[in-house]
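Residues per chain are reported as follows:
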Amino acid sequence: MINLYSKIVRTCCSIPLAKLSASPIGIRWMLSLALLTFIGCNSSELIPVTGQVTLDGAPVTTGRIEFFPTSGRPAAGELDEEGRYTLVAHKSEEGVSPGKYVVTVTSRTASGGPPPPPEVLGEEGEQAGSARSKEKYEPFRIKWHVPERYSHRRASGLTAEVKQDGGEIDFELVSKP
């Protein structure tokens, strides 16, 4: 139990507990610190962050933006028809904790579908024995609305720093590197 409270206090309030003993006074001290942690010493205050994502100057009208911290919980937002987003940290809590983030933007659509089994296909990929036998099979495809590199944390090259006062963070993406 002492280890649990030590971890809570050390994580949330960054208070060293090395000198606290297992004595009744030390245990009361740790319980008091843990209670303070849950009441108001929590440094995970969420800061509202909004912004706009553009590609070559035009708004990215579909997709998702994600902020990944070095430690802690990521946040994400859906892009609207104007390329605007509002970050949501967890469940429906708007905002993110202050700090530095790696950012990804994913905007893509899928079409087609899985191929039918080989015994169903006729010549040149047509479906044999069906009313649609003249139609060709359309393979599964992904169309990227922004370059795929922006959807990978290690390749996106996008970073952001969320300050205490929050604000608007815009991203201007380019088609060609």
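None of the values given here were measured: they were computed from a predicted structure.

### Things to note about the overall build of the protein
What the protein contains, in helices and strands, is 2 helices and 13 strands. Taking all 177 residues of the protein together, the buried fraction comes to 29%. Considering only contacts in the protein between residues 6 or more positions apart, those separated by 24 or more positions represent 65%.

### Considerations on the pattern of salt bridges
Scanning the entire structure with this criterion turns up 4 salt bridges. A salt bridge links R64 to E66, with the nearest nitrogen and oxygen atoms 3.7 Å apart. R64 sits in the partly exposed class, given a relative accessible area of 35%. We note a salt bridge from E168 to R84, for which the minimum N-O separation is 3.0 Å. With E168 in strand 12 (residues 167–168) and R84 in strand 5 (residues 84–86), the pair connects residues that are 84 residues apart, well separated along the chain. Overall, E168 belongs to the partly exposed group, its relative accessible area being 47%. One connected set of salt bridges, linked through shared partners, spans R64, E66 and E78.

### Considering the pairing of strand 3 (residues 64–69)
Both strand 3 and strand 4 (residues 75–78) contribute to a ladder of 4 bridges, which runs antiparallel. Bridge pairing in strand 4 links R64 to E78. Where strand 3 hands over to strand 4, the hairpin turn is made up of 5 residues, of which G72 adopts a positive phi near 110°. In terms of strand pairing, strand 3 meets strand 8 (residues 99–106) through 6 bridges, oriented antiparallel. Within the sheet, the bridge partner assigned to F67 lies in strand 8 and is V103.

### Observations regarding unusual backbone geometry
For D56, which is not glycine, the phi dihedral falls at a positive 55°. Here D56 lies in the loop between strand 1 (49–55) and strand 2 (58–59).

### What to know about the side chain of S107
Following the sequence through the fold, S107 ends up in the loop between strand 8 and strand 9 (108–111). For S107, a relative accessible area of 1% translates into the label buried. One polar contact links the side chain of S107 to the main-chain carbonyl oxygen of T62, over a distance of 2.6 Å.

### Focus: the confidence of the model for the protein
Here the protein averages 76 in pLDDT, and 62% of its residues register 70 or above. Contacts from residues 11–21, a stretch scored under 50 in pLDDT, to residues over four places away or in other chains number 20 contacts. With pLDDT under 50 throughout, residues 35–43 is counted as low confidence; its partners more than four residues away or in other chains account for 10 contacts.

### Focus: the packing of aromatic side chains
The relative placement of two aromatic rings is captured by the distance of their centres and the angle of their planes. Summed over all chains, the structure comprises 3 aromatic pairs. Here F67 and Y85 contribute two aromatic rings whose centre-to-centre distance is 6.3 Å and whose plane-to-plane angle is 45°, an arrangement assigned as tilted. Highlighted residues: F67 in strand 3 and Y85 in strand 5, separated in sequence by 18 residues. Of the two residues examined, F67 and Y85, each falls in the buried class. Look at F67 and F171: their rings are 6.0 Å apart centre to centre, the planes differ by 80°, and that puts the pair in the edge-to-face class. Note that F67 is positioned in strand 3 and F171 in strand 13 (residues 171–173), a separation of 104 residues in sequence. Looking at F171, the relative accessible area reads 5%, which means it is buried. Taken together, the aromatic side chains of F67, Y85, Y101 and F171 make up a single cluster linked through ring pairs. Between R153 and the ring centre of F68, over which it is positioned, the NZ or CZ distance is 3.8 Å.

Reading guide: rules and limits
- Residues numbered from 1 in each chain as written.
- Predicted model: local features only at pLDDT ≥ 70, side-chain atom pairs only at ≥ 80, totals over all residues.
- Heavy atoms only, no water.
- Helix = DSSP H or I, 4+ residues; strand = E, 2+ residues; numbered from the N terminus.
- Buried < 20%, exposed > 50% of the residue type's maximum accessible area, 1.4 Å probe, protein only.
- Contact = heavy atoms within 4.5 Å.
- Salt bridge = Lys/Arg side-chain N within 4 Å of Asp/Glu carboxyl O.
- Pairing = 2+ DSSP bridges.
- Polar contact = N/O pair within 3.5 Å; in protein donor to acceptor, adjacent residues only side chain to side chain.
- pLDDT = per-residue confidence, 0-100.
- Phe/Tyr/Trp six-rings, centres within 6.5 Å; stacked < 30°, edge-to-face > 60°.
- Lys NZ or Arg CZ within 6 Å of the ring centre and 35° of its normal.

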